[in-house]
Amino acid sequence: QKEVEQNSGPLSVPEGAIASLNCTYSDRVSQSFFWYRQYSGKSPELIMSIYSNGDKEDGRFTAQLNKASQYVSLLIRDSQPSDSATYLCAAKGGGSQGNLIFGKGTKLSVKP
Amino acid sequence: KAGVTQTPRYLIKTRGQQVTLSCSPISGHRSVSWYQQTPGQGLQFLFEYFSETQRNKGNFPGRFSGRQFSNSRSEMNVSTLELGDSALYLCASGPGTGVSYEQYFGPGTRLTVT
């Protein structure tokens, strides 16, 4: 059973701090990884994708991938109350499989 | 570019009925995937269509079916509805090729079965 595991939280950080969200995956052949943000009552929104080992930065967001450890993380710098949401980690199955496997999400709360 | 659209946004049905949900992907996207989201199970993959063919299928009973048309629009059908089918049904579209495989979600259809 291919799985993506996330700490469900809630993760609470003060405004301006760095929020660190973590994710592990079981399928060693997964090549593509994604972070989605989902506000309450809304659909998931793609915020980051990463395919190679190392860091990928986009504005206040940095995704990190370590394929040897099967570990993906998302750092949010200068966290704002508007970042309060559930963050979903997803991995694409290897080979010709077309579906994304999602973790159950980590709820982030940024306190003013 | 316009985003993914789903209709209807909300639906209330009775047990035993059937329902059809519709999804229009982002222009140029050939892959459409359907997911069920519930508080307890999270996002669960139903199936993916690519160029009118079902390319992948999740672990859902045969009551859940879908199809894709030549313009990439997709429909999902659930027959003989059960109370447990109450969920947010999400459609996601993407290019469906290459290693990147980014998918973009529509707003979802909230289905309530009574």
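What comes next is a walk through the structure. Keep in mind the model is a prediction, meaning the values are calculated, not measured.

**Observations regarding the environment of P14 of chain A**
Residues and elements named next belong to chain A.
Right, on to step 1. Structurally, P14 can be placed in strand β2 (residues 11-14).
Right, on to step 2. Linking P14 and G103, residues 89 residues apart in sequence, is a C-alpha distance of 25 Å.
Right, on to step 3. When neighbours within four sequence positions are excluded, P14 is seen to be in contact with S79, V110 and K111.

**What about the state of the cysteines?**
Right, on to step 1. Applying the stated criterion to the full structure yields two disulfides over all chains.
Right, on to step 2. At a sulfur-sulfur separation of 2.0 Å, the disulfide partner of C23 of chain A is C89 of chain A. Taking the torsion about the S-S bond as the criterion, the C23 of chain A to C89 of chain A disulfide, at about -70 degrees, is left-handed. With a gap of 66 residues between them, C23 of chain A in strand β3 (residues 19-25) and C89 of chain A in strand β9 (residues 85-92) connect regions that are remote in the sequence. Comparing C23 of chain A with C89 of chain A shows no difference in burial state: the two are buried.
Right, on to step 3. A sulfur-sulfur distance of 1.7 Å marks the disulfide that ties C23 of chain B to C91 of chain B.

**Re the packing of aromatic side chains**
Right, on to step 1. On inspection of all chains with the given rule, the structure shows ten aromatic pairs over all chains.
Right, on to step 2. Ring geometry for Y25 of chain A versus F33 of chain A: centroids 4.5 Å apart, planes at 40 degrees, classification tilted.
Right, on to step 3. Exposure remark for F33 of chain A: the relative accessible area of 0% places this residue in the buried category.
Right, on to step 4. Centroid distance F102 of chain A to Y35 of chain B: 5.5 Å. Interplanar angle 85 degrees. Geometry classified as edge-to-face.

**Some details on the interface of chain B and chain A**
Right, on to step 1. On the side of chain A, 18 residues touch chain B, which itself brings 19 residues to the contact.
Right, on to step 2. Carbon and sulfur atoms supply 56% of the area that chain B and chain A bury against each other, a total of about 1600 Å² over both sides.
Right, on to step 3. If you look at where chain B meets chain A, you find zero salt bridges.
Right, on to step 4. The interface formed by chain B and chain A contains eight residue pairs in polar contact (both at pLDDT 80 or more).
Right, on to step 5. Listing elements by their share of the side of chain B that touches chain A, those giving two or more residues are β4 (31-38), β5 (42-50) and β10 (104-105) of chain B.
Right, on to step 6. For the side of chain B that touches chain A, the element with the most residues is β5 of chain B, which contributes three residues.

**Comments concerning the sheet that holds strand β8 (residues 74-78) of chain B**
All names here are of chain B.
Right, on to step 1. Read from one edge of the open sheet, four strands run β1-β3-β8-β7, paired in antiparallel fashion. Whereas interior strands pair on both sides, the edge strands pair on one side only; in this sheet they are β1 (5-7) and β7 (64-68). Going from strand to strand, the sheet's axes swing by 20 degrees on average, the running direction of each strand aside.
Right, on to step 2. Bridge count for β1 against strand β3 (residues 19-24) is three bridges, and the pairing is antiparallel. Along β3, the bridge assignment pairs T5 with S24.

**Structural notes on the environment of R73 of chain B**
All names here are of chain B.
Right, on to step 1. With respect to the secondary-structure elements, R73 resides in the loop between β7 and β8.
Right, on to step 2. Residue R73 is classed as partly exposed on the basis of its relative accessible area of 24%.
Right, on to step 3. For R73, the contacting residues outside a window of four places in its chain are S22, C23, S24, P25, R67 and Q68.
Right, on to step 4. Of note is the side chain of R73, whose polar atom sits 2.9 Å from the side chain of S22.

Here is what the cut-offs are and how they apply
Residues numbered from 1 in each chain as written. Chains lettered and ligands numbered in written order. Predicted model: local features only at pLDDT ≥ 70, side-chain atom pairs only at ≥ 80, totals over all residues. Heavy atoms only, no water. Helix = DSSP H or I, 4+ residues; strand = E, 2+ residues; numbered from the N terminus. Contact = heavy atoms within 4.5 Å. Disulfide = S-S within 2.5 Å. Buried < 20%, exposed > 50% of the residue type's maximum accessible area, 1.4 Å probe, protein only. Phe/Tyr/Trp six-rings, centres within 6.5 Å; stacked < 30°, edge-to-face > 60°. Buried area = accessible area lost by both parts, 1.4 Å probe. Salt bridge = Lys/Arg side-chain N within 4 Å of Asp/Glu carboxyl O. Polar contact = N/O pair within 3.5 Å; in protein donor to acceptor, adjacent residues only side chain to side chain. Pairing = 2+ DSSP bridges. Axes fitted to C-alpha atoms, helices over the stretch in contact; angles between N-to-C directions.

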